[in-house]
Amino acid sequence: MKGATRPARPSPDPAREAPAPAWDASDPYAAALRSGHGPLFLRRADGWLLPLEVERWCARADAVDLEVLDRCEGAVLDVGCGPGRLVAELAARGRTVLGIDVSEAAVTRTVRLGGPSLRRSVFEPLPGEGRWDTVLLMDGNVGIGGDPRALLARVAVLLAPGGLLIAETAPVDVDERAHVRLVDVTDAHAHAHATGGTFPWARLGTRALLRRAGAAGWRCAGQWTSGGRRFVALRSSRPASSSAEPPNSTAVISSQRVRKPSADSPVTPA
């Protein structure tokens, strides 16, 4: 983390009040991650379905993923790491990396793959605030919380000055915020069975993300398409004279063992 081995205590940030997706309220999501396959969808109130690529998420990092990881700088925070393919790949390369996810099943699977992970929302206090060199928002995670402005503000606090955000955008030109719920289906034409409550989500194409990021002071460091997926790299404009308090405890980012797993701790698989 650019010469730092200790995390900065987070400063108050209103973005932290944004709601996190209620993945854990849905057993089908946990079951899909444990089994490694779907089908699983996000459903809007109007019935529109967005398929979730569970099989790809649960596989090893593919060629497109590896291109993204090759662009990462320094210590990497994977926000919404899911079952952990990216965290595990970076850990195998000997990189300093941490995955965070609100799903216990996701964190458990990440740890089993050898990737350090915490069960925590991006809007909660995190290790190394203000010292991460790269933050990843992959697999549609730019939609976390349903408020791109709040998420971009939060990521800026997490990154070191001049740090890099790599975000995967929607494959179409879209800019929408909606309340969705997780649904599982056994057939594409069957009745979708809704589970859990609704939660806010957003979908942004590349143009929409660049527009929002530019308004928030981010600088575009690149955009590209690979394997039908689209990505944007952004540079933080946060000045070095951050308001974050000095570090006060040692960061053990690589630790995967805890005595009592909790929402604030890495989950060690049974």
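One structure accompanies this document, and this report is about it.

Rules used throughout
- Residues numbered from 1 in each chain as written.
- Predicted model: local features only at pLDDT ≥ 70, side-chain atom pairs only at ≥ 80, totals over all residues.
- Heavy atoms only, no water.
- Buried < 20%, exposed > 50% of the residue type's maximum accessible area, 1.4 Å probe, protein only.
- Helix = DSSP H or I, 4+ residues; strand = E, 2+ residues; numbered from the N terminus.
- Pairing = 2+ DSSP bridges.
- Right-handed = clockwise from strand over helix to strand, strands pointing away.
- Salt bridge = Lys/Arg side-chain N within 4 Å of Asp/Glu carboxyl O.
- Axes fitted to C-alpha atoms, helices over the stretch in contact; angles between N-to-C directions.
- Contact = heavy atoms within 4.5 Å.
- Core = buried A, V, L, I, M, F, W, Y, C linked by side-chain atoms within 4.5 Å.
- Phe/Tyr/Trp six-rings, centres within 6.5 Å; stacked < 30°, edge-to-face > 60°.

### Brief notes about the pairing of strand β3 (residues 76-79)
Across a regular strand the side chains alternate sides, sitting on one face of the sheet and then on the other.
Point 1. Of the two faces of β3, both are covered, the one formed by V76 and D78 as well as the one formed by L77 and V79.
Point 2. As paired strands, β3 and strand β4 (residues 97-101) are joined by 4 bridges and run parallel to one another. By the bridge assignment for β4, V76 is matched with V97.
Point 3. In this view, the connection linking β3 to its parallel neighbour β4 by way of helix α4 (residues 85-92) has right-handed handedness.
Point 4. By the bridge criterion, 3 bridges tie β3 to strand β6 (residues 132-137) in an arrangement that is parallel. Across the sheet, L77 pairs through a bridge with V135, a residue of β6.

### Here's the deal with the pattern of salt bridges
Point 1. Under the definition given, this model contains 20 salt bridges.
Point 2. The partner of E73 in a salt bridge is R235, with the nearest N and O atoms 2.6 Å apart. In this pair, E73 sits in the loop between α3 (63-71) and β3 while R235 sits in strand β11 (residues 229-235), placing the two residues 162 residues apart along the sequence.
Point 3. The class of E73 is partly exposed, set by a relative accessible area of 29%.
Point 4. Across the pair E104 and R119 runs a salt bridge, and its minimum N-O distance is 3.6 Å. Within this pair, whereas E104 is found in helix α5 (residues 104-112), its partner R119 is found in strand β5 (residues 117-119), the two being separated by 15 residues in sequence.
Point 5. On the accessibility criterion, R119 (23% relative accessible area) is partly exposed.

### Comments concerning α4
Point 1. Here α4 has its buried residues at R85, L86, V87, A88 and L90.
Point 2. Immediately downstream of α4, the backbone of G94 shows phi near 85 degrees, a positive value.

### Side note on the sheet that holds strand β7 (residues 159-169)
Point 1. Here we have 7 strands laid out as an open sheet, ordered β5-β4-β3-β6-β7-β11-β10, and mixed in their pairing. Strand pairing shows two members of the sheet lacking a second neighbour, β5 and β10 (219-226), which therefore form its edges. Mean inter-strand twist for the sheet, computed between neighbouring axes without regard to direction, equals 20 degrees.
Point 2. Where α4 meets the sheet, it contacts β3, β4, β6 and β11, and its direction lies at approximately 165 degrees from that of β4.

### Describing the nonpolar core
Point 1. Judged by nonpolar contacts, the single largest core of 46 residues is most densely connected at L77, L165 and W218.
Point 2. Apart from residues no more than four positions distant in its own chain, L77 is found in contact with L98, I100, L126, W132, T134, V135, L136 and L158.
Point 3. Membership of the second largest hydrophobic core comes to 18 residues, among which are V68, L90, M138 and L164.

### Considering the packing of aromatic side chains
Point 1. Summed over the entire model, instances satisfying the criterion amount to 2 aromatic pairs.
Point 2. Look at F199 and W201: their rings are 6.3 Å apart centre to centre, the planes differ by 85 degrees, and that puts the pair in the edge-to-face class.
Point 3. Judged by its relative accessible area of 8%, W201 is buried.
Point 4. Ring plane angle 20 degrees and centroid distance 5.4 Å describe the contact between W224 and F231, whose orientation is recorded as stacked. For the pair W224 and F231, a shared accessibility class is recorded, and that class is buried.

Without other data, these values stay purely geometric and don't point to any function.
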